Amino acid sequence: MATILIINGPNLNLLGTREPYLYGHDTLQQLNSKVVALAQSLGHEGVTFQSNSEAALIDRIHQSQDDADFIIFNPAAFTHTSIALRDALIAVNKPFVEVHLSNIYRREVFRQSSYFSDIAVGTLAGLGTKGYLLAVRYAHYYLTKQEGASYHYGPAQNPQAH
Ligand code: DQA
């Protein structure tokens, strides 16, 4: 049994009431329980973490070195700002999928760049809460080394300069 760690960044604790036209009506608790239930049904453990603090997110990523096999990460606004979180993911060298509820590429220009996409196994954006569920299914393919997923890797060793 593998452990999939689902990390949500700042303001995502307000899901359900925060700009629902962009982020949907599910609360974070509802989202987390769907994600954990799916991970369990696929034979894995789903562990969730949310913080509004960059330092706490960095610490949780460091801890993943010992307690997670795969990360699903919505860095929220830190997507567009945090070299420190990027460095933390490169340091622990865990495979991760970057998820965004909204399609950041059809929003403001400042949201259209990510410090994570080029070091992620892949990115899902604009699929709402379904993006997290698809990421769990992908994590399962990856962790069970199914054809079509097994060639992937952890964070890129020589990511392109931003
Ligand atoms: C987000 C997109 C970010 O630009 C924004 O700051 C968020 C949420 C998303 O899930 O669509 O907080 O990551």
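Residues numbered from 1 in each chain as written. Predicted model: local features only at pLDDT ≥ 70, side-chain atom pairs only at ≥ 80, totals over all residues. Heavy atoms only, no water.

Trainee: Could you give an account of the packing of helix H3 (residues 54-67) against helix H4 (residues 83-92), naming the residues involved and the relevant values?
Mentor: Running from N to C, H3 and H4 cross one another at 5°; their axes reach a closest spacing of 9 Å. Classified by the interaxial angle, the pair formed by H3 and H4 is roughly parallel. Of H4, the residues touching H3 (which contributes Glu 54, Leu 57, Ile 58, Ile 61, His 62, Ser 64 and Gln 65) are Ala 84, Leu 85, Ala 88, Leu 89, Ala 91 and Val 92. Residues of the contact of H3 with H4, tallied by class, amount to nine nonpolar, three polar and one charged. (Axes fitted to C-alpha atoms, helices over the stretch in contact; angles between N-to-C directions. Helix = DSSP H or I, 4+ residues; strand = E, 2+ residues; numbered from the N terminus. Parallel < 35°, antiparallel > 145°, perpendicular 65-115°, else oblique. Contact = heavy atoms within 4.5 Å. Nonpolar A, V, L, I, M, F, W, Y, C, P; charged D, E, K, R; others polar.)

Trainee: Go over the site of the ligand with me, naming the residues and quoting the values.
Mentor: Around the ligand sit Arg 18, Tyr 23, Asn 74, Ala 76, Ala 77, His 80, His 100, Leu 101, Ser 102, Ile 104, Arg 107 and Arg 111, and those are all the residues in its vicinity. At 2.7 Å, a side-chain N or O of His 80 approaches an oxygen atom of the ligand. One of the side-chain N or O atoms of His 100 is found 2.8 Å from an oxygen atom in the ligand. Out of a free accessible area of 320 Å², the ligand has 99% covered by protein chains. Looking at the shell around the ligand, its residues break down into five nonpolar, four polar and three charged. (Near = heavy atom within 4 Å. Polar contact = N/O pair within 3.5 Å; in protein donor to acceptor, adjacent residues only side chain to side chain. Areas by Shrake-Rupley, 256 points an atom, 1.4 Å probe, with all protein chains shown as cover.)

Trainee: Before we move on, can you summarise the packing of aromatic side chains with the specific residues and values?
Mentor: Within the structure shown, the criterion is met by four aromatic pairs. Ring geometry for Phe 70 versus Tyr 142: centroids 5.2 Å apart, planes at 65°, classification edge-to-face. In this pair, Phe 70 sits in strand S3 (residues 70-74) while Tyr 142 sits in helix H5 (residues 129-143), placing the two residues 72 residues apart along the sequence. Owing to a relative accessible area of 0%, Phe 70 belongs among the buried residues under this scheme. For Tyr 142, a relative accessible area of 16% translates into the label buried. With a centroid separation of 6.3 Å and 50° between ring planes, the pair formed by Tyr 138 and Tyr 142 is classed as tilted. Taken as a pair, Tyr 138 and Tyr 142 lie in helix H5 at a separation of four residues, close to a single helical turn. (Phe/Tyr/Trp six-rings, centres within 6.5 Å; stacked < 30°, edge-to-face > 60°. Buried < 20%, exposed > 50% of the residue type's maximum accessible area, 1.4 Å probe, protein only.)

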